[in-house]
Amino acid sequence: DAKTTQPPSMDCAEGRAANLPCNHSTISGNEYVYWYRQIHSQGPQYIIHGLKNNETNEMASLIITEDRKSSTLILPHATLRDTAVYYCIVLVYNQGGKLIFGQGTELSVKP
Amino acid sequence: GAVVSQHPSWVICKSGTSVKIECRSLDFQATTMFWYRQFPKQSLMLMATSNEGSKATYEQGVEKDKFLINHASLTLSTLTVTSAHPEDSSFYICSARTAETMNTEAFFGQGTRLTVV
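Quick notes on the rules
- Residues numbered from 1 in each chain as written.
- Chains lettered and ligands numbered in written order.
- Predicted model: local features only at pLDDT ≥ 70, side-chain atom pairs only at ≥ 80, totals over all residues.
- Heavy atoms only, no water.
- Phe/Tyr/Trp six-rings, centres within 6.5 Å; stacked < 30°, edge-to-face > 60°.
- Helix = DSSP H or I, 4+ residues; strand = E, 2+ residues; numbered from the N terminus.
- Buried < 20%, exposed > 50% of the residue type's maximum accessible area, 1.4 Å probe, protein only.
- Disulfide = S-S within 2.5 Å.

Asker: What exactly am I supposed to notice about the packing of aromatic side chains here?
Answerer: Within a pair of aromatic rings, the relevant descriptors are the distance that separates the centres and the angle that separates the planes. Scanning all chains against the criterion turns up eleven aromatic pairs over all chains. Taking the centre distance of 5.7 Å and the plane angle of 70° together, the rings of A:Tyr36 and A:Tyr46 count as edge-to-face. In this pair, A:Tyr36 sits in strand β3 (residues 33-38) while A:Tyr46 sits in strand β4 (residues 45-50), placing the two residues ten residues apart along the sequence. Side by side, A:Tyr36 and A:Tyr46 carry an identical accessibility label, which is buried. With a centroid separation of 5.7 Å and 85° between ring planes, the pair formed by A:Phe101 and B:Phe108 is classed as edge-to-face. With one member in each of two chains, A:Phe101 in the loop between β8 (84-90) and β9 (105-110) and B:Phe108 in strand β10 (residues 107-108) form a pair that bridges those chains. Look at A:Phe101 and you get buried, because its relative accessible area is 8%. Through successive ring pairs, a cluster of aromatic residues spans A:Tyr34, A:Tyr36, A:Tyr46, A:Tyr87, A:Phe101, B:Tyr36 and B:Phe108.

Here's what the structure looks like:
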């Protein structure tokens, strides 16, 4: 299974962009990168996913490097409600699409 | 996005009893459902994968006779913790996806906090 590496914690000032990095150097060519976040004591919330092109939705942008070995999730204008643990996950191929969670990055947005 | 609902949100049970947790996909048909367990300050750990009408596939180290999973319909999966003990106290979370394609996101329930006393 392709593993991901994320910094354990990050701080961000409210209103500024939060850039969360993820390393997935063993990713296979047809495996997608997914990002979820979990606010304390809740189920994970889907944010965005991509294969090789950059993606953007109403929540965030996903930038994937050309070699696909790393990606960055960008929250353009972080708010206090974005404080959560963010998980970068590579979808497991041929196993029903299960998501294996790593340790994630605990993002603290500060006033 | 699609809605996945878990019931109950929390439950307290006595040691030795069994507890059933339900996971429903409210507005889509879930061909595959997943069950996770999360201990405090830790990440989610996948317990098993279930496909409608089939036996669940358990991850290594998860006791299939203790954690019974049933996925009898495209909108309902249940997890039964049998003969629960205090060490089974945890946050249990289900997720569901509509297809096995690689471009389909999985949606998560709100979780069930189980406390065994």
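Having seen the model, we can carry on.
Asker: Looking at this model, I keep getting lost on the state of the cysteines. Mind explaining?
Answerer: Linking two cysteines covalently through their sulfur atoms gives a disulfide. Under the counting rule described, the total for this entry stands at two disulfides over all chains. Two residues share a disulfide in this structure: A:Cys22 and A:Cys88, whose sulfurs sit 2.1 Å from each other. Negative torsions about the S-S bond denote left-handed disulfides, and the value of about -80° found for A:Cys22 with A:Cys88 makes this one left-handed. On the criterion of sequence distance, the pair formed by A:Cys22 in strand β2 (residues 18-23) and A:Cys88 in strand β8 is long-range, its members being 66 residues apart. The class of A:Cys22 is buried, set by a relative accessible area of 3%. Residue A:Cys88 is classed as buried on the basis of its relative accessible area of 0%. Through a disulfide, B:Cys23 is tied to B:Cys94; the S-S separation comes to 2.0 Å. The sign of the S-S torsion, about 80°, decides the handedness of the disulfide formed by B:Cys23 and B:Cys94: right-handed. Placement of B:Cys23 in strand β3 (residues 19-25) and of B:Cys94 in strand β9 (residues 90-97) is noted, with a sequence separation of 71 residues between them. The burial state of B:Cys23 is the same as that of B:Cys94; both residues are buried. Free of any disulfide, A:Cys12 has its nearest neighbouring cysteine sulfur in A:Cys22, separated by 18 Å.

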